[in-house]
Amino acid sequence: MEILVINPNATVSMTEKIVESARRVAGQGTTIIAATGQPPAPASIQGHHDEAMAVPGLLARLRQAEADGVDGVVVACFDDPGIGACREVFSGPVLGICEAATKAATMLATSFSVVTTLPRSVPIIEQLIHGYGLSHQCRRVRSAEIPVLALEEEGSGAREKVRDEILHAVEEDRCEAVVLGCAGMADLTAWLTEQTGVPVIDGVTVATRMVEALIGCGLTTSKVGAYAPPIET
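Below is a short write-up of the structure.

On to the environment of R61. Relative to the helices and strands, R61 is located in helix α2 (residues 48–68). With 67 residues separating them in the primary sequence, R61 and L128 have C-alpha atoms 23 Å apart. When sequence neighbours within four positions are dropped, the list of residues in contact with R61 reads L4, I6, I33 and A35.

As structure tokens, then:
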């Protein structure tokens, strides 16, 4: 099977990190196709405006994947930008990493917290979690107060800030698991789990395996109702 893993922002180095994580967990016989957002996509997605700028290129790439016969898609941004629209233009399973990671957390623990990058992302993620029906299990959405691209900078101290925020979450929120609220954290999962002693969940790897499972079960996106193809005018 073929799975498109798309980073909706325009930073190629982040795409490389994301796709490496996806390929590490992909099953035998699964091909991971990498894609990076194109202009007007921003270098990082840090708010509603950035999301909106990324969506046109995201949808164009999914239309191409549909034409190419790709089996499934992972949208590798924790804001799950344009997921509903993506499901309208693509027939196979499409998963955002927030939905995948938070739903996985509920299968591993009775409660979880999310650690994301900037404070402005907190209310966006809170709204997503509420929409996914998981507010009763999410103890808190926290910010490590780092720009997204700091995760790409050697010596920035970003990973230590994420670790420390996870430790605060365990102590203060009394959560049993932690979800990483940014695709750029995908490569830190094992280290953070070792450092903190709780399950640390990355949405890129979880979404990759979930999409594989849905494809393997022969499932596709419903085209009756909300995810029907767009009405062309």
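After presenting the structure, the write-up continues.
So, about helix α8 (residues 203–216). Between the first and last C-alpha of α8 there are 19 Å, a value that for 14 residues agrees with the 20 Å anticipated at 1.5 Å per step. For α8, the capping residue at the N-terminal end is D202, with a side-chain oxygen 3.1 Å from the backbone nitrogen of V204. G218, located one to two residues past α8, shows a positive phi value of around 75°.

Turning our attention to the sheet that holds strand β5 (residues 112–116). Here we have 4 strands laid out as an open sheet, ordered β6-β5-β7-β8, and parallel in their pairing. Of all strands in the sheet, those bounded by a partner on one side alone are β6 (138–143) and β8 (200–201). Here strand β7 (residues 177–180) pairs with β8 via 2 bridges, running parallel. Bridge assignment links V178 to a residue of β8, and that residue is V200.

What counts and what doesn't
Residues numbered from 1 in each chain as written. Predicted model: local features only at pLDDT ≥ 70, side-chain atom pairs only at ≥ 80, totals over all residues. Heavy atoms only, no water. Helix = DSSP H or I, 4+ residues; strand = E, 2+ residues; numbered from the N terminus. Contact = heavy atoms within 4.5 Å. Expected span 1.5 Å × (residues − 1). Polar contact = N/O pair within 3.5 Å; in protein donor to acceptor, adjacent residues only side chain to side chain. Pairing = 2+ DSSP bridges.

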